[in-house]
Structures are given as structure tokens and as C-alpha cells.
Amino acid sequence: MPPSAPAPLPHPGNPSGSVQESVITQPRQLGRIDAVVHLGFVVLMVASLVRYVMRHPPADNIWVLALAAGVCAIYAVVAVLARRRRPWALWMFALVVLWSALVLVAPSFAWCSVAVFFLCRTALSGWAAHLAGGVIAVATSAGLFRLSGGSDIAMLLGPLAIGAMLTLIYDRIEHDAREQRRLHAQVSAAQAKLAASERRAGTIAERERVSREIHDTVTQGLASSLLLLEAATRTWPSTAAKGDVDRASTLLRANLTDTRSLVHELASPGLDTVPLAEALLQAASAYVPDVRVQVTGMARTLPSDVRHALLRVVQSAAANIKLHAAAPHTTVTLGYLPGTVTLDIYDDGDGFDPGGTAPPSKTGGYGLRAMRARVEQLGGVFSVESTPGEGTIVAAQLPTEDIDA
């Protein structure tokens, strides 16, 4: 009924749908309440009019009927203006004044005060609403007390007490409605900030993911191809130089394929169709030709994101071995455990101090960080064990939800 009626808060699970629903349902509810109030006014006015006509001679009815007709006309104007959201405060004051005169002249119409009170609180607010409500209560009290012949104190105090209670209740409802609207605005603002934060976080995560993909594929392959071409330049035109050129060509073709895959949804060609052990062997062999792949446990189908992470870790680790380790032997061990899968890449190369690695820069240094981020993003554990001159072990453990093959 009143404009300040509280709007429902949005449901956390579906904020946009709940807000839209409240916008649709609230006007319908207010319309139904207004209709009940207006219908009540009509019923009470007709009943009061019949009562008055039956109890008074026709000579006394003319002015009262004219006054009642004026009240009904102004009430209808206020109701129409309220529905069309037009200014109605002056019309409401006119209604209160005219109705007060009617109820003082003909106390039989005092019962209509309930509908007039609610219409008054709909049209006015603040001190104006309190003033109009007080006038209605006083006029009703005076009319009923006059109707009792000045002998019934309850007729005098009852309307005043009811008016005071209705005013306090209505003020409390309006206060709660304002508070609810304030909280609704805060929740909406918080949801907007959260959505913006999630968009920023998603953008950052996507950039990091793309940077890892580029590092683990294109960058590593180009670096290895460059080393092979530099070696071929130094030994050209020997047979070894031609072999280095062939291997560099193979790596460049593989990088071209990876680049096209990155352009098309950053997918790994054949990852879901080739057995994981074979895919790991192909990925590592592009950098370390003599690599061995061992499998422990019962092989099973793994989620695609886990397979993708394992493949990229092997690619990055094998590229590091090619660039830095000078290892005669490299072994990749894939282990299937209940609820987890493990991956160990061991080489017997030069080794290094894990705590003394240089921070990432334009010249490199992203490999270990990218591998760690990729594994930990899936809830796994990543570790590196290495000592200068004693080789390196890169280990990853990822949780899995087994998929039926």
C-alpha cells in the first residue's frame, strides 16, 4: 500500500532473478492492498449512509448527503492520483478536513476513519502524516463521544488510543522498510563489487594460464631449436650438424602445432585420445630423445585438466633438462595411487641449488614457477629436489576423481 513498503531482499543464489521478481510482485501486492482499502471505504460509507438515513428525517439528510458525496468524490480523486503517481498531498488534506466535518456532523460515518487513515499514511509522510492522522483520530473520537451523548468515555479515548497505536505501528513499519532498502542497496553494491573483483581475478588467472601455456610450449621449443641451430652452425657441414638442423626443424614444426592449438582454445592435440604414458613420452622426447617413461600402479582414465597439467609439467621439465642439465639419462615415472596420481622427472645432469634460482625476467626463469602454479591450481603438491653435480628430481602429486574408461 504505502510507497515506503519494504522491498524483498534478493536471494543469494540468484540475485538478479530475485530482484526482478520483487519488482514484479511488489506492485501487484500493493495494488491488491489498495483495492481492499478502497473496497472497505465503499462498504463502510454505504453502511454509514444507510444507518444515518434510517435514523434521521429527510430534512436533515440533504447537507449530510452532500458532504458525504464531497468526501467520496475527493477520496476517488486521491485514489486515482495515487495509482497514477501524481501529486496528491493537497487533495489529501482537503479530504481530511471535509471528512472531519462530516464525522462531527454525522458520527455514523466515524467507521470510515480506518480507510481514510490508511489512505492518509499512503499519501503523506513525516510531520504531515502525523498531523493528518491526529486530526482523523480527534475527529473520530469527538464524533463517537457525541454519538454516545457525552456519557461513554470509551468512545472518547478509544479512537485516540487506536490512532496512537496505528501511528506507532506504521512508523515502525516505515522505519524497517527504510532500513531494509538501505541494506538492499548495500547488498547490491557489494554484489557489484564482488562481480567486478571476480572479473578482474578471472582476467588475471586467464593471463597467467596463457603465459604458462606459451612458456611450456612455444618458448621452450624455440629455445631448444635455437640451441640446436647454434650447435649446427659451429659444426657445419658435418653429419652431426645436419642432425641438429633436422631436430630443430622437428621442434619448430611441433611449436607451430602448439601455437595453432593455443589459438584454438589452447587445447593439446591428441591429449584425450593418446594414452597418458605415450603422450608424456612424446612430449619429453621432443627435448630429451633418450628419455624413459615408467608406469607404476593400475593405469586408469584421468580428468582432462589433470592430464593436461601432467603433460605441461613434463614438457617444461624436459626443456629445462635440455637447456641446463646436460643429463645423459632422464626418467619419467607416472604413478597411479588411490585418489591421486604422481609424476617424477629425474635426470642425472648438472643439478642446481633450488634456493638460489634467479627471479623471472625477460631472459627466462618462469619454468619452475609455472609448473608449481599449474599443479597447485588443481590442489596438488609440487616439489623440486636438486644438488649441484648430483642431478634433479621434479615431483608433482595431483588429486584425481577417477573416470570410468
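Residues numbered from 1 in each chain as written. Predicted model: local features only at pLDDT ≥ 70, side-chain atom pairs only at ≥ 80, totals over all residues. Heavy atoms only, no water.

**Student:** What's the story with the overall build of the protein in this structure? I'm lost.
**Tutor:** Each helix and strand counted, the protein has ten helices and five strands in total. Across the 405 residues of the protein, 37% fall into the buried class. Counting only carbon and sulfur atoms, one obtains 64% of the accessible surface of the protein, whose full area is about 22,800 Å². (Helix = DSSP H or I, 4+ residues; strand = E, 2+ residues; numbered from the N terminus. Buried < 20%, exposed > 50% of the residue type's maximum accessible area, 1.4 Å probe, protein only. Areas by Shrake-Rupley, 256 points an atom, 1.4 Å probe, with all protein chains shown as cover.)

**Student:** Sorry if this is basic, but what is going on with the packing of aromatic side chains here?
**Tutor:** In total, this model carries one aromatic pair according to the counting rule given. Taking 3.8 Å as the distance between ring centres and 0° as the angle between the ring planes, the aromatic pair formed by Phe-41 and Tyr-75 counts as stacked. Residue Phe-41 is located in helix H1 (residues 15-55), and its partner Tyr-75 is located in helix H2 (residues 58-83); the two are separated by 34 residues in the primary sequence. (Phe/Tyr/Trp six-rings, centres within 6.5 Å; stacked < 30°, edge-to-face > 60°.)

**Student:** In this structure, what is going on with helix H5 (residues 126-147)? I would like to understand it.
**Tutor:** Given 3.6 residues per helical turn, the α-helix brings residues three or four places apart onto the same face. Between its first and last C-alpha atoms H5 spans 32 Å; for 22 residues at 1.5 Å apiece the expected length is 32 Å, and the two agree. When we look at burial in H5, the residues that qualify are Ala-128, Ala-129, Ala-132, Gly-133, Ile-136, Ala-137, Ala-139, Thr-140, Ser-141, Gly-143 and Leu-144. Where H5 terminates, the next one or two residues include Gly-149, which has phi positive at roughly 75°. (Expected span 1.5 Å × (residues − 1).)

**Student:** Sorry, what's going on with helix H3 (residues 89-105) here?
**Tutor:** Given a rise of 1.5 Å per residue, 17 residues ought to cover 24 Å, and the 25 Å separating the end C-alpha atoms of H3 matches this to within 8%. Turning to H3, its buried residues number three or more, namely Met-92, Leu-95, Val-96, Trp-99, Ser-100, Leu-102 and Val-103. Each buried residue of H3 lies within a common arc of 165° when the element is viewed along its axis, so the set occupies one face. Projecting away from the buried face of H3 at angles above 90 degrees are the exposed residues Leu-90 and Val-97. (Arc of directions from axis to C-beta.)

**Student:** What is the right way to look at the pattern of salt bridges in this model?
**Tutor:** Pairs may arise between side chains of opposite charge once their charged atoms sit close together. On inspection of all chains with the given rule, the structure shows three salt bridges. Here Arg-182 makes a salt bridge to Glu-179, at a shortest N to O gap of 2.2 Å. Note that Arg-182 and Glu-179 are positioned in helix H6 (residues 153-235) at a spacing of three residues, about one turn of the helix. In this structure, the salt-bridge partner of Glu-376 is Arg-372, at a minimum N-O distance of 3.9 Å. Of the two residues, Glu-376 and Arg-372 are both situated in helix H10 (residues 367-377); the distance of four residues between them amounts to about one turn of the helix. On the basis of relative accessibility, which here comes to 44%, the residue Glu-376 falls in the partly exposed class. (Salt bridge = Lys/Arg side-chain N within 4 Å of Asp/Glu carboxyl O.)

**Student:** Could you clarify how one ought to interpret the sheet that holds strand E3 (residues 340-347) in this entry?
**Tutor:** Backbone hydrogen bonds hold the strands of a sheet together, and the pairing may be parallel or antiparallel. Strand order in this open sheet of five strands is E1-E2-E3-E5-E4, and the pairing throughout is mixed. Looking at strand neighbours, the two that pair on one side only are strand E1 (292-296) and strand E4 (381-386), the edges of this open sheet. Here the average twist between neighbouring strands, direction ignored, is 15°. Where E3 lies against strand E5 (residues 392-399), eight bridges are found, and the strand directions are antiparallel. In the strand pairing of E5, Tyr-346 is matched with Ile-393. Its contacts with the sheet place helix H9 (residues 304-325) against strand E2 (330-337), E3 and E5, and it is angled at close to 10° to E3. (Pairing = 2+ DSSP bridges. Axes fitted to C-alpha atoms, helices over the stretch in contact; angles between N-to-C directions. Contact = heavy atoms within 4.5 Å.)

**Student:** Is there a simple way to think about the side chain of Arg-300 in this case?
**Tutor:** On the secondary structure map, Arg-300 appears in the loop between E1 and H9. One polar contact links the side chain of Arg-300 to the main-chain carbonyl oxygen of Thr-340, over a distance of 3.0 Å. A polar side-chain atom of Arg-300 sits 3.4 Å from a polar atom in the side chain of Thr-400. (Polar contact = N/O pair within 3.5 Å; in protein donor to acceptor, adjacent residues only side chain to side chain.)

**Student:** Honestly, the environment of Trp-63 in this entry has me stumped. Any pointers?
**Tutor:** With respect to the helices, strands and loops of the structure, Trp-63 is situated in helix H2. Measuring from C-alpha to C-alpha, the distance between Trp-63 and Val-105 comes to 9.6 Å, with 42 residues separating the pair along the chain.

**Student:** Whenever I open this one, the nonpolar core confuses me. Can you help?
**Tutor:** One broad trend across soluble globular proteins is that nonpolar side chains are buried collectively. Within the largest apolar cluster, 34 residues are counted, with the highest numbers of intra-cluster contacts made by Leu-280, Leu-310, Val-314, Val-341, Leu-343 and Ile-345. Elements represented by at least two residues in this core include exactly helix H8 (276-285), H9, E2, E3, H10, E4 and E5. In terms of residue count, the dominant contributor to this core is H9 (eleven residues). Leaving out residues up to four positions away in the same chain, Val-341 has contacts with Leu-302, Val-306, Leu-310, Leu-334, Gly-335, Tyr-336, Ala-396, Gln-397, Leu-398 and Thr-400. Grouped together as the second largest cluster of nonpolar side chains are 32 residues, Val-78, Val-116, Leu-124 and Ala-132 included. (Core = buried A, V, L, I, M, F, W, Y, C linked by side-chain atoms within 4.5 Å.)

**Student:** How should a nonpolar patch on the surface be read in this particular structure?
**Tutor:** A cluster of nonpolar side chains, namely Val-42, Val-46, Val-50 and Met-54, defines an oily patch on the protein surface of about 390 Å² accessible area. As for its placement among the helices and strands, Val-42 is situated in helix H1. (Patch = residues over 30% accessible without salt bridge, like charges linked within 9 Å, V, L, I, M, F, W, Y side chains within 5 Å.)

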